[in-house]
Amino acid sequence: MTDRRTTAANDEASPAPSSAPIEPHHRVRTRSRAPGTSAEVALIGRSLRHAVRDVESMLMAIALPVLLMLMFTFVFGGALDPGGDYVNYVVPGIVLTCAGFGAASTSLSVANDMTSGFVDRLRAMPMRASAVITGHVVASLLKNLFATGVVIAVAVLIGFRPTADLVNG
């Protein structure tokens, strides 16, 4: 049995459905994006600070390639090329190894940001969605350039003399 008082109260509380069309000013609003690259610059700075503070990552990016280069040059290089020119063959491979270590540390940093909730907090802000990735990639590029520079400097100290030029490769 339905109580007449309850039905009458419900009818008064909810308005009758209208057949009027929805007016065009009732659109879904999207979030606005910040102009310029201020978000990217801030996240690049954040990623660089994290990279410098992570001593283990910096050691892996710099010391490990240098040690591998020294080991391959002096331990294995003497057996393969008694003339001592093996360093010219090792250095390009070690430079690629630097890039591989850099990519691995960047992927770990992005995964850490995704699982820690940092990216979720940024989604509510008016910024580009690609700003987080841009920050990590540019910081990784700078860190890799520094590591590669150190590897090439050590390689020149131990006898690396490239014979190719920029035009002929």
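1. Topic: the packing of helix H4 (residues 87-116) against helix H6 (residues 131-157)
Two elements in contact, H4 and H6, have axes separated by 9 Å at closest approach and are oriented at 150 degrees. The orientation of H4 with respect to H6, classified from their angle, is roughly antiparallel. The element H4 and its partner H6 pack so that their crossing is right-handed. Facing Val91, Ile94, Val95, Cys98, Ala99, Gly102, Ser105, Thr106, Ser109, Val110 and Asp113 of H4, the residues of H6 in contact are Val132, Ile133, His136, Ser140, Lys143, Asn144, Ala147, Thr148, Val151, Ile152 and Ala155. Its residues assigned to classes, the contact of H4 with H6 comprises 12 nonpolar, 8 polar and 2 charged.

2. Considering helix H2 (residues 38-53)
Taking 1.5 Å of rise per residue, 16 residues should cover 22 Å, and H2 covers 23 Å from first to last C-alpha, within 8% of that figure. Buried within H2 are the following residues: Ala39, Glu40, Leu43, Ile44, Arg46, Ser47 and Ala51. Along H2, the residues classed as buried sweep out an arc of 165 degrees about the axis, all on the same side. Exposed residues on H2 whose side chains face more than 90 degrees from its buried face are Val41, Val52 and Arg53.

3. Observations concerning the pattern of salt bridges
Applying the stated criterion across every chain, the model contains 3 salt bridges. Linking Glu40 and Arg128 is a salt bridge whose minimum nitrogen-to-oxygen distance equals 3.4 Å. Taken together, the residues span a long stretch of sequence, with Glu40 in helix H2 and Arg128 in the loop between helix H5 (118-122) and H6 at a distance of 88 residues. Taking the relative accessible area as the measure of exposure, Arg128 reaches 30% and is therefore partly exposed. Taking the shortest distance from any N to any O, the salt bridge between Arg46 and Asp113 comes out at 3.0 Å. With Arg46 in helix H2 and Asp113 in helix H4, this residue pair connects regions lying 67 residues apart in the sequence. Pair check on accessibility: Arg46 and Asp113 agree, each one buried.

4. Quick word on the packing of aromatic side chains
Per the stated rule, a full pass over the model turns up 1 aromatic pair. The ring of Phe118 carries Arg46 above its face, with NZ or CZ at 3.8 Å from the centroid.

5. What to know about the packing of H2 against H6
Between H2 and H6, whose axes approach to 8 Å, the crossing angle comes to 50 degrees. As summarised for this structure, H2 and H6 are arranged oblique, according to the angle between their axes. The handedness of the crossing between H2 and H6 comes out as right-handed. Touching Ala39, Glu40, Leu43, Ile44, Arg46, Ser47, Leu48 and Ala51 of H2 are Ala131, Val132, Thr134, Gly135, His136, Val138, Ala139, Leu142 and Lys143, all from H6. Across the contact of H2 with H6, the residue classes break down as 10 nonpolar, 4 polar and 3 charged.

6. Considering the layout of surface pockets
Its boundaries defined by the atoms lining it, the largest pocket holds a volume of some 540 Å³. Those elements that provide at least two residues to the lining of the largest pocket are H2, helix H3 (55-80), H4 and H6. Of all the elements, H4 adds the most residues to the lining of the largest pocket, at 9 residues. Looking at the lining of the largest pocket residue by residue, the classes come out as 7 nonpolar, 10 polar and 5 charged. In this structure, the second largest pocket occupies an estimated 160 Å³ of space. Lining the second largest pocket are 12 residues, and of these Val119, Arg123, Arg128, Ala129 and Val132 lie nearest its centre.

How each quantity is defined
- Residues numbered from 1 in each chain as written.
- Predicted model: local features only at pLDDT ≥ 70, side-chain atom pairs only at ≥ 80, totals over all residues.
- Heavy atoms only, no water.
- Axes fitted to C-alpha atoms, helices over the stretch in contact; angles between N-to-C directions.
- Helix = DSSP H or I, 4+ residues; strand = E, 2+ residues; numbered from the N terminus.
- Parallel < 35°, antiparallel > 145°, perpendicular 65-115°, else oblique.
- Left-handed = near helix turned anticlockwise from the far one by under 90°.
- Contact = heavy atoms within 4.5 Å.
- Nonpolar A, V, L, I, M, F, W, Y, C, P; charged D, E, K, R; others polar.
- Expected span 1.5 Å × (residues − 1).
- Buried < 20%, exposed > 50% of the residue type's maximum accessible area, 1.4 Å probe, protein only.
- Arc of directions from axis to C-beta.
- Salt bridge = Lys/Arg side-chain N within 4 Å of Asp/Glu carboxyl O.
- Phe/Tyr/Trp six-rings, centres within 6.5 Å; stacked < 30°, edge-to-face > 60°.
- Lys NZ or Arg CZ within 6 Å of the ring centre and 35° of its normal.
- 1 Å grid on protein atoms, 1.4 Å probe; cavity = no way out; pocket = protein on both sides within 12 Å on 5 of 7 lines; lining within 4 Å.
- Points joined across faces, edges and corners; volume = space filled by probe spheres on them.

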